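Single-letter residue listing:
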Amino acid sequence: MAVFVDDQTRLVVQGITGRDGSFHTRQMAEYGTRIVAGVTPGKGGGNLDTGGTRIPIFNTVDRAVEETGANTSVIYVPPPFAAGAIMEAADAGIGLIVAITEGIPVQDMTRAVALVQDRGSRLVGPNCPGLISPASRTKVGIIPAQVTAPGPVGVVSRSGTLTYEAVSQLTRAGIGQTTCIGIGGDPIIGTNFIDCLSAFRSDPETEAVVMLGEIGGTDEQEAARWVREHLSKPVVGFIAGRTAPPGRRMGHAGAIVSGSAGTAREKVRAFEENGIRVANRPVEITDLIREALGP
């Protein structure tokens, strides 16, 4: 099995005719993702050739859903228009919305998240690399498929590049993944650590989880407490940003330490106090997962 995306995913790409949208559409299609439509206002009636399949383009998500039965959307739309694209997808009945776009204004995201919740959709992101489920050959976003492999480990991370590094090390060690999820590093996101951990708990093929956090906020601490109370599967954690100076944003908009709770030290302590084995360096994740999986 997989989490959130699998071979039942029918994907619509919002912003399909842009540089990033067209490039990653071809990458996702080559991997095996079932892409049924694209949306670019004013470009309806055209097609995008992926080298084997011509993907129809629509002016609106609502029309794309009506014509193709799309149930998942990925958004490659510039920041000023991305929140509107998220809301359009939710209004069209899309169940899973993955927002890759970075730099969406916080006020826009506040409105978008409220509408997504009201419509009963799930939002992953924004400012995230998306998801990939290797066993079903389904990729929604920009995670490099070549670093993944099917296996028993779920991965959830706030950092895109750290996701790639950790997954690559697991794969090289012969340890595959059920689903890899990048939840994004912005202050306001749709799907958090606990949402993903809960999904992995329900997935019978996920035997262990890697949770990759970073400085800023308290999401990791809340997730650690949830693990202790609700998750019997082993979890290995890593916190990025241990050398970041207080008060300075490092990388993501949400990665800023504004109090002691947001420091790497506090997050590591929360992990350890709640039974999560912590890697001091990314290279240690593989050994800890191998020990957790057992013989």
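What counts, and where the lines are drawn
- Residues numbered from 1 in each chain as written.
- Predicted model: local features only at pLDDT ≥ 70, side-chain atom pairs only at ≥ 80, totals over all residues.
- Heavy atoms only, no water.
- Salt bridge = Lys/Arg side-chain N within 4 Å of Asp/Glu carboxyl O.
- Pairing = 2+ DSSP bridges.
- Helix = DSSP H or I, 4+ residues; strand = E, 2+ residues; numbered from the N terminus.
- Domains from an automatic or database assignment.
- Contact = heavy atoms within 4.5 Å.
- Buried area = accessible area lost by both parts, 1.4 Å probe.
- Polar contact = N/O pair within 3.5 Å; in protein donor to acceptor, adjacent residues only side chain to side chain.
- Core = buried A, V, L, I, M, F, W, Y, C linked by side-chain atoms within 4.5 Å.
- Buried < 20%, exposed > 50% of the residue type's maximum accessible area, 1.4 Å probe, protein only.

Go over the pattern of salt bridges, please, and point to the residues and values.
Pairs can form between side chains of opposite charge once their charged atoms are near each other. Counting across every chain of the model gives 15 salt bridges. Residue Arg-281 is joined to Glu-284 by a salt bridge in which the shortest nitrogen-to-oxygen separation is 3.6 Å. Sharing partners across several salt bridges, the network here consists of Arg-158, Glu-214, Glu-220 and Lys-267.

How would you explain the sheet that holds strand β8 (residues 130–133) if you had to name every residue and give the values?
Strand order in the open sheet formed by seven strands is β9-β8-β11-β10-β12-β13-β14, and the pairing between neighbours is mixed. Since the sheet does not close on itself, it has two edges, and those belong to β9 (138–141) and β14 (277–278), each with one partner. Relative to strand β11 (residues 177–182), strand β10 (residues 150–157) is paired through five bridges, and the arrangement is parallel. Across the sheet, the residue bridging to Pro-150 is Gln-177, located in β11.

Give a detailed account of the domain arrangement of the chain, specifying residues and quantitative values.
What the domain assignment reports for the chain is domain 1 (11–124) and domain 2 (143–293). Computed over C-alpha atoms only, the centres of domain 1 and domain 2 are separated by 27 Å. Listed as interface residues are eight residues of domain 1 and, on the opposing side, 10 residues of domain 2. Among the residues of domain 1 in contact with domain 2, Tyr-31, Arg-122 and Val-124 are the three that bury the most area, contributing 45% of the side total. At the junction of domain 1 and domain 2, the tally comes to zero salt bridges. Put simply, domain 1 and domain 2 have two residue pairs in polar contact (both at pLDDT 80 or more) between them. Elements with a minimum of two residues in the side of domain 1 that touches domain 2: α4 (106–119) and β7 (122–124).

For the nonpolar core, give the residues involved together with the corresponding values.
Formed by 44 residues in total, the largest nonpolar core has its most connected members in Val-13, Val-74, Val-98, Val-156, Ile-181, Leu-197 and Met-211. Among the secondary structure elements, those contributing two or more residues to this core are β1 (11–14), β4 (54–58), β6 (96–99), α6 (193–202), β12 (208–214), α7 (219–230), β13 (235–240) and α8 (264–273). Take this core: its biggest share by element is five residues, from α6. No fewer than three residues from each of domain 1 (11–124) and domain 2 (143–293) sit in this core. The contact partners of Val-98, leaving out residues within four places of it in the chain, are Ser-73, Val-74, Ile-75, Val-124, Cys-128, Gly-130, Leu-131 and Val-140. Counting 28 residues, the second-largest nonpolar core is a separate cluster that includes Ala-64, Ile-75, Ala-82 and Ile-86.

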